[in-house]
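Overview (structure and organization)
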Amino acid sequence: MSVAPTLDLSARVTASPVWLWLDPTSRCNLACRLCYTKQSHGREDMAPEDLRRMLIDLRDNPSVAVQSIHLNWRGEPLMNPRFAELLATVAEVMPEVKLQWHTNGTMLTQKRVREILSVRFPHKIFVSLDGGNRLSHDLNRGEGNFDKTLRGLETLLDHAAGREDLTIGVYQIDLGEPLTEYDPRFLQLLRRVDQHVKVKPLLPGGAEQAIGRPEVLESEETLDRMLSEEVLPHLPVPERPCFWAGHVFCVNPNGDVAVCVISHGRQGIVGNLLTDGADRVLAGALAFRCGLADHGRSAVGHCSSCRKPAGRILPQHLSQEQSAIA
């Protein structure tokens, strides 16, 4: 009689949960005024071969438990001409890990959509929009881009119809317009998507939910006020680490790992997955978090003015398997 294999959980009980934000490219085809990563835009593309090396190292390392993958961080993912290969690499190496990626939608042509959808495995695709109409969107992203984004979203929805492995969503930045001012075509497309996520803009210094409802974006002057530090003096800088510090790997195309999604510059780099390996990067990330926890944000120059809320890992943040062994 055969004996069913047992799962040895002992080596994984102490595995650190890690959320991956992989940067297919640091390039972008837009110059959005509200973009919180534009300081780090560049000209690098991630090679599928490098992505494979990094994912295999993370997958095979008992100290790491990857919770989810964002195949985007800075820039526009579709600026990388080999993006479909990156998708296929994730599907091959980490098919069981939840994956999503976001696009501004302007590059979702018929040809590009067919190429992307040729990679078949469960994941989420979000098309991002600012506000609910042409005025608000184009004030931030540039004239003519609202129509391009809606056209790209429609193309994606048409080609993905009937695909049970895909979740198509809209990721909307709430710029304060009432529903009555939403573009009718946008509302029609919203009824076709599987998921609609609506968030407040991330403003200077990492301020987000605490700022309350944003002003309605009616002009460039309104947008300038939103971007000004003058709207934030009443918000204190938390002393404790944010949820992401030490738990998120924001991976540049060259393998450098930043400690946070709004991290810019060398101070926030905690290692390189291609040259240092997963163990050393994890050690660097956890040491960074310990520094914040022990000494407070004011003592860590890279985070001393960051207003991202303090937070820690809770059971609901973890995957089912990790929750079972935590």
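This text goes with the structure placed above it.
Residues numbered from 1 in each chain as written. Predicted model: local features only at pLDDT ≥ 70, side-chain atom pairs only at ≥ 80, totals over all residues. Heavy atoms only, no water.

Before going further, it helps to examine the pairing of strand β1 (residues 16-22). Consecutive side chains along a regular strand alternate between the two faces of the sheet. Judged by how many residues are buried, β1 sits mostly within the fold: seven of seven residues are covered. Residues S16, V18, L20 and L22 point to one face of β1 and P17, W19 and W21 to the other, with burial holding for every one of them. Of the strand pairs in this sheet, β1 and strand β2 (residues 64-70) are connected by six bridges, and their pairing is parallel. By the bridge assignment, S16 is partnered in β2 with V64. Crossover handedness for the path β1 to helix α1 (residues 48-59) to β2: right-handed. Note that β1 and strand β7 (residues 248-251) share four bridges and pair parallel. Bridging across to β7, W19 finds its partner in V248. (Buried < 20%, exposed > 50% of the residue type's maximum accessible area, 1.4 Å probe, protein only. Helix = DSSP H or I, 4+ residues; strand = E, 2+ residues; numbered from the N terminus. Pairing = 2+ DSSP bridges. Right-handed = clockwise from strand over helix to strand, strands pointing away.)

Glancing now at the packing of α1 against helix α2 (residues 83-93). Between α1 and α2, the least distance of the axes is 10 Å, while the angle of their chain directions is 20°. By the angle between their axes, α1 is roughly parallel relative to α2. In this structure, α1 crosses over α2, and the sense of that crossing is right-handed. Touching P48, L51, R52, L55, I56 and R59 of α1 are E85, L86, T89, V90, E92 and V93, all from α2. Its residues assigned to classes, the contact of α1 with α2 shows seven nonpolar, one polar and four charged. (Axes fitted to C-alpha atoms, helices over the stretch in contact; angles between N-to-C directions. Parallel < 35°, antiparallel > 145°, perpendicular 65-115°, else oblique. Left-handed = near helix turned anticlockwise from the far one by under 90°. Contact = heavy atoms within 4.5 Å. Nonpolar A, V, L, I, M, F, W, Y, C, P; charged D, E, K, R; others polar.)

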